[in-house]
Amino acid sequence: MMRKKGRIRRGAAAALCIAALIFAMTGCGKAGKNTLPVTEDAALLEPFVGSWQCEAEPLERDDIYTGYLHLEVQDDSSYSMYDNEAGNPGIEGTLEIQTENKMVIHILKTVDTDLPGGWEKMSMNQELTYRFTGKGNLEMCFQDGDTATTLVFVRS
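Computed from a predicted model, the values in this text were never measured in an experiment.

Definitions and cut-offs
- Residues numbered from 1 in each chain as written.
- Predicted model: local features only at pLDDT ≥ 70, side-chain atom pairs only at ≥ 80, totals over all residues.
- Heavy atoms only, no water.
- Phe/Tyr/Trp six-rings, centres within 6.5 Å; stacked < 30°, edge-to-face > 60°.
- Helix = DSSP H or I, 4+ residues; strand = E, 2+ residues; numbered from the N terminus.
- Buried < 20%, exposed > 50% of the residue type's maximum accessible area, 1.4 Å probe, protein only.
- Salt bridge = Lys/Arg side-chain N within 4 Å of Asp/Glu carboxyl O.
- pLDDT = per-residue confidence, 0-100.
- Contact = heavy atoms within 4.5 Å.
- Core = buried A, V, L, I, M, F, W, Y, C linked by side-chain atoms within 4.5 Å.
- Polar contact = N/O pair within 3.5 Å; in protein donor to acceptor, adjacent residues only side chain to side chain.

**Student:** What should I look at first to understand the packing of aromatic side chains in this one?
**Tutor:** The geometry of an aromatic ring pair is captured by the separation of the ring centres together with the interplanar angle, meaning the angle of the planes. This model, assessed by the stated rule, comprises 6 aromatic pairs. With centroids separated by 4.9 Å and ring planes inclined at 70°, the aromatic side chains of Phe-48 and Tyr-130 adopt a geometry described as edge-to-face. Taken together, the residues Phe-48 in the loop between helix 2 (42–45) and strand 1 (50–54) and Tyr-130 in strand 6 (residues 125–132) connect sequence positions 82 residues apart. Judged by relative accessible area, which is 1%, Phe-48 ranks as buried. Since its relative accessible area comes to 6%, Tyr-130 is described here as buried. Ring geometry for Phe-48 versus Phe-132: centroids 5.1 Å apart, planes at 65°, classification edge-to-face. Here Phe-132 lies in strand 6 and Phe-48 lies in the loop between helix 2 and strand 1, a separation of 84 residues in the sequence. Put simply, the rings of Phe-48, Trp-52, Tyr-130 and Phe-132 pair up and form one aromatic cluster.

Next comes the structure, spelled out in structure tokens:
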């Protein structure tokens, strides 16, 4: 009987050691660690960094209100897009700027899953087109088949 208890204790200790090793190797369970793709070229990301307020309507539609959206972009490629009028959380993740007019928006977490109007069919890793206007505004366009919805953000 004594031998059986010893084997069980050694087995449990070995299992705990393995679990601790796995826990340590996976970043110790650090919350918020970014594992999504990021923009490697700082020059491509730099114009995005900062705070942006969305205009009242997308370019193509006047039946959707988007003036509640606020976009924050950090220099590590992370972003947060949220409802700054009602205080509701939104989406966050990383921006992967690929060319001078294409990006992939990666969604790390959808708290409210209330995507911007016209962007409801957006995937968790969605390609968008973008451009900076002569006024310095940022236009981000989601294409769903033949329908485009372009949100216009003004630096705030």
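**Student:** What is the right way to look at the pattern of salt bridges in this model?
**Tutor:** Between side chains of opposite charge, pairing is possible as soon as their charged atoms come close. Inspection of the entire model under this criterion finds 3 salt bridges. Across the pair Asp-144 and Lys-121 runs a salt bridge whose closest N-O atoms are separated by 3.7 Å. Taken together, the positions of Asp-144 in strand 7 (residues 138–144) and Lys-121 in the loop between strand 5 (102–110) and strand 6 put the pair 23 residues apart, joining distant regions of the chain. The exposure class of Asp-144 is partly exposed, given its relative accessible area of 31%. Classification of Lys-121 by relative accessible area gives exposed; the value is 63%. Arg-131 is the salt-bridge partner of Glu-139, the closest N and O atoms lying 2.8 Å from each other. Glu-139 gets classed as buried once you look at its relative accessible area, which sits at 10%. Judged by relative accessible area, which is 46%, Arg-131 ranks as partly exposed.

**Student:** In this structure, what is going on with the confidence of the model for the protein chain? I would like to understand it.
**Tutor:** Close inspection of predicted coordinates is inappropriate in any region flagged by low pLDDT. Summary statistics for the protein chain give a mean pLDDT of 83 and a share of 75% for residues scoring 70 or more. When mean pLDDT is compared element by element in the protein chain, strand 1 scores highest at 98, while helix 1 (residues 2–25) scores lowest at 48. Scored below 50 in pLDDT, residues 12–33 makes 2 contacts in the model with residues more than four places away or belonging to other chains.

**Student:** Can you help me understand the nonpolar core in this one?
**Tutor:** One recurring pattern in soluble globular proteins is that nonpolar side chains are buried together. Residues Phe-48, Leu-71, Met-140 and Phe-153 are the most contacted members of the largest nonpolar core, which totals 26 residues. For this core, the secondary-structure elements that each account for two or more residues are strand 1, strand 2 (69–73), strand 3 (78–83), strand 4 (91–97), strand 5, strand 6, strand 7 and strand 8 (147–155). Dropping the residues within four chain positions of it, Met-140 is found in contact with Leu-71, Met-103, Trp-119, Leu-128, Thr-129, Tyr-130, Thr-149, Thr-150, Leu-151 and Phe-153.

**Student:** Looking at this model, I keep getting lost on the side chain of Asp-83. Mind explaining?
**Tutor:** Considering the arrangement of structural elements, one finds Asp-83 in strand 3. One polar contact links the side chain of Asp-83 to the main-chain amide nitrogen of Ala-86, over a distance of 2.9 Å. Once residues within four sequence positions are removed from consideration, Asp-83 is found in contact with Tyr-68 and Asn-88.

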